[in-house]
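One-letter residues, chain by chain:
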Amino acid sequence: MAIATSTNERGVRSWPRVTAAAALLLVGLTNLGLGLWLLTLGGSAYYVLVGLAMVITAVLLWRRDERALWVYALVVAATLVWALVEV
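Since this is a predicted model, take the numbers as computed values, not measurements. (Residues numbered from 1 in each chain as written. Predicted model: local features only at pLDDT ≥ 70, side-chain atom pairs only at ≥ 80, totals over all residues. Heavy atoms only, no water.)

A. Inspection of the nonpolar core at higher detail. One finds Leu24, Tyr46, Val50, Ala53, Met54, Ala58 and Val75 forming the largest nonpolar core, which totals seven residues. If one sorts the elements of this core by residue count, helix H3 (residues 46-62) sits on top with five residues. Residue contacts for Met54: discarding those within four places in its chain leaves Leu24, Val27, Gly28, Asn31 and Tyr72. (Core = buried A, V, L, I, M, F, W, Y, C linked by side-chain atoms within 4.5 Å. Buried < 20%, exposed > 50% of the residue type's maximum accessible area, 1.4 Å probe, protein only. Helix = DSSP H or I, 4+ residues; strand = E, 2+ residues; numbered from the N terminus. Contact = heavy atoms within 4.5 Å.)

B. Looking closely at the packing of aromatic side chains. Evaluated as defined, the whole model comprises three aromatic pairs. For the ring pair Tyr46 and Trp82, a centre distance of 4.4 Å and an interplane angle of 0° mean the geometry is stacked. A residue pair is termed long-range when its members are at least 10 positions apart, and Tyr46 in helix H3 and Trp82 in helix H4 (residues 67-86) qualify at 36 residues. The class for Trp82 is partly exposed, based on a relative accessible area of 25%. (Phe/Tyr/Trp six-rings, centres within 6.5 Å; stacked < 30°, edge-to-face > 60°.)

Structure representation (C-alpha cells):
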C-alpha cells in the first residue's frame, strides 16, 4: 500500500494557487459589479469585460487549467491597448 506524500497526488490544492484564485475572484467580481454600475451610467464596458475575464481566470486557476495564464495574458494585453487608446 503506497502512501501519497505529494500534495498533488492527493489532489490537495496548494495555498499559493488558492490564494491567487481567491484574490482574482474578488477583484474580478468587484470589477464586474462596479463595471455594470458604470455601464448603466453611460460609461465604458471595459470594466465589465475585464471583470468577467478575471472571474474566468480565477475559476481556471482553481481548477488547475493552464488556460488561466492565457486568459490573464489577454487581460493584460487588452488593458495595455485600452490605456493607449484612452490617452
